[in-house]
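Spelled out, the chains give:
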Amino acid sequence: MPNPSRPKLFVTRALPPAVTERALSAYDASLNESDRVYSAAELLERAEGSDAILCCSTEKFPAAVIEKLPESLRILATFSVGFEHIDIAAARARGLRVTNTPDVLTEATADITLLCLLGAARRAHEGQSMLRDGRWVGWSTTQLTGVHVTGKRLGILGMGRIGQAVARRARGFDMTIHYHNRSRLPAEKEAGAIYHDSAESLLAVSDIFCINAPAAPENHHFLNDARIALLPPGAVVVNTARGTLIQDDALIAALESGRIAAAGLDVFEGEPNIDPRYRHIENAFLLPHMGSATVETRDAMGFKCLDNLDAFFAGREPPDALC
Ligand code: DGY
């Protein structure tokens, strides 16, 4: 039964059960049990009369959509740390608060980054396929030899929370950590990592190049032909941030020629409609955007959305306000 005293919350995707339960207990929540991704027109129609929206990075809120959102809407909580799908300037201009979910997915995303790094370097996809397809005829000295990871130079583009968590893990593999970031970290956060004041200088020393920077217009298709040419021959590329940082034509050509030994990718431009050529590239270890996909992390992300909404509707500042 609708309860007029509770804020009306439009939830755009299906949520983990514990998060759904809490949303229903505190809000007059309309859910999306089918979990279908709504078009912009459907989002606008279903948002009608809502005080709040809980969305994911699968729903896009460019200025043209934000301008048409109902007058009643006061806050948009995204179930993601990334917020490139929301035009923050447009939201700010119309007085709409926006929150995201930092911190709680740092460790899970760093874990999947190491999985992609190792999966690519050690040819996990090829090994799995050989076994599953019944093509394994037995052990040999040269079979599926990959890139040795221990002791290599790891270049991290974007040394925020996730980049730093990747560095912590990579130190366990005795890797030398290099990084490029908008600004240099303080010594205690750097923990011995070597700062590069340009991405180009970082690329030149990256035996393994790991993208952990948020998507922004200035890094769209960052990894292109020219930048791939700066990497050491036989480098490994890892991306668990956003697909738009890679120009697929350039990476695919480099994987096919062997200029890049392997890539470990959890994110893709235009996902889930990935460039179909990736499906046939043996030296690509591919995952379907699973960085934050642990039960604990997804619950924590959902609870963080609700914490932000609860704070807002109680008249407090949402802890993760972007605007
Ligand atoms: C995030 O939190 O940004 C994840 O990539 C899911 O969108």
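What you are looking at is a predicted structure, and each value in this text was computed from that prediction instead of being measured.

Calculation rules
- Residues numbered from 1 in each chain as written.
- Predicted model: local features only at pLDDT ≥ 70, side-chain atom pairs only at ≥ 80, totals over all residues.
- Heavy atoms only, no water.
- Buried < 20%, exposed > 50% of the residue type's maximum accessible area, 1.4 Å probe, protein only.
- Helix = DSSP H or I, 4+ residues; strand = E, 2+ residues; numbered from the N terminus.
- Pairing = 2+ DSSP bridges.
- Polar contact = N/O pair within 3.5 Å; in protein donor to acceptor, adjacent residues only side chain to side chain.
- Domains from an automatic or database assignment.
- Contact = heavy atoms within 4.5 Å.
- Buried area = accessible area lost by both parts, 1.4 Å probe.
- Salt bridge = Lys/Arg side-chain N within 4 Å of Asp/Glu carboxyl O.
- Axes fitted to C-alpha atoms, helices over the stretch in contact; angles between N-to-C directions.
- Parallel < 35°, antiparallel > 145°, perpendicular 65-115°, else oblique.
- Left-handed = near helix turned anticlockwise from the far one by under 90°.
- Nonpolar A, V, L, I, M, F, W, Y, C, P; charged D, E, K, R; others polar.
- Disulfide = S-S within 2.5 Å.
- Near = heavy atom within 4 Å.
- Areas by Shrake-Rupley, 256 points an atom, 1.4 Å probe, with all protein chains shown as cover.
- Patch = residues over 30% accessible without salt bridge, like charges linked within 9 Å, V, L, I, M, F, W, Y side chains within 5 Å.

Looking now at the pairing of strand β4 (residues 75-78). Look at any regular strand and the pattern is simple: side chains alternate between the two faces of the sheet. The alternating pattern of β4 places I75 and A77 on one face and L76 and T78 on the opposite face, and all of these are buried. Two strands pair when backbone bridges link them, and β4 and strand β5 (residues 97-99) are joined in this way by three bridges, in the parallel orientation. Note that in β5 the partner of L76 across the bridge is V98.

Next up on the list: the side chain of H180. Mapping H180 onto the fold places it in strand β7 (residues 176-180). Separated by 2.8 Å, the side chain of H180 and the backbone oxygen of H196 make a polar contact.

So, on to the domain arrangement of the chain. Partitioning the chain into domains gives domain 1 (8-104 + 295-313) and domain 2 (106-286). The centre of domain 1, based on its C-alpha atoms, is set 31 Å off from the matching centre of domain 2. With eight residues of domain 1 in contact, the opposing surface of domain 2 contributes five residues. At the boundary of domain 1 with domain 2, total buried surface from both sides reaches about 510 Å², with 45% on carbon and sulfur atoms. When the area that domain 1 buries against domain 2 is broken down by residue, the three leading residues are E84, D103 and T297, summing to 63%. If you look at where domain 1 meets domain 2, you find two salt bridges. For E84, the salt bridge identified is with R242, shortest N-O distance 2.7 Å. Put simply, domain 1 and domain 2 have two residue pairs in polar contact (both at pLDDT 80 or more) between them.

Two numbers describe how helix α1 (residues 17-26) lies on helix α12 (residues 295-313): the axes approach to 8 Å, and their chain directions differ by 15 degrees. Taken together, the axes of α1 and α12 lie roughly parallel to each other. For α1 against α12, the interelement crossing comes out right-handed. On α12, the residues that touch A18, V19, R22 and A23 of α1 are R298, D299, G302, F303, L306, D307 and D310. Split by residue class, the contact of α1 with α12 holds five nonpolar, one polar and five charged.

Taken together, the seven strands give an open sheet; going across it, the order is β8-β7-β6-β9-β10-β11-β12, and neighbouring strands pair in parallel fashion. Single-partner strands in this sheet number two, and they are β8 (194-195) and β12 (284-286). When strand β10 (residues 235-239) meets strand β11 (residues 260-265), the two strands line up parallel, connected through five bridges. Counted as the bridge partner of V237 is A263 from β11. Together, β6 (153-157), β7 and β9 (208-211) form the strand contacts of helix α7 (residues 161-171), whose direction differs from that of β6 by roughly 170 degrees.

Buried residues dominate β10, accounting for five of its five residues. Residues A235, V237 and N239 line one face of β10 and the alternating positions V236 and V238 line the opposite face, and both faces are buried. Sheet topology places β9 next to β10; four bridges connect them, and they run parallel. Residue pairing for β10: I211 is matched across the bridge by N239.

Tallying each qualifying case throughout the model produces zero disulfides. Left unpaired, C210 is separated from the closest cysteine sulfur, that of C116, by 8.6 Å. A relative accessible area of 0% places C210 in the buried class.

The local shell around the ligand consists of S57, S80, V81, G82, L105, R242, H289 and M301. Here S57 contributes a side-chain N or O atom positioned 2.7 Å from an oxygen atom of the ligand. Burial of the ligand by the surrounding chains reaches 85%, relative to a free accessible area of 230 Å².

Within the fold, D174 resides in the loop between α7 and β7. Each C-alpha atom of the pair D174 and L245 lies 27 Å from the other, and the pair is 71 residues apart in sequence. Apart from residues lying up to four places away in sequence, D174 is in contact with T150 and G151.

On the surface, a nonpolar cluster with roughly 440 Å² of combined accessible area is contributed by L131, W136 and W139. With respect to the helices and strands, W139 occurs in the loop between α6 (124-132) and β6.

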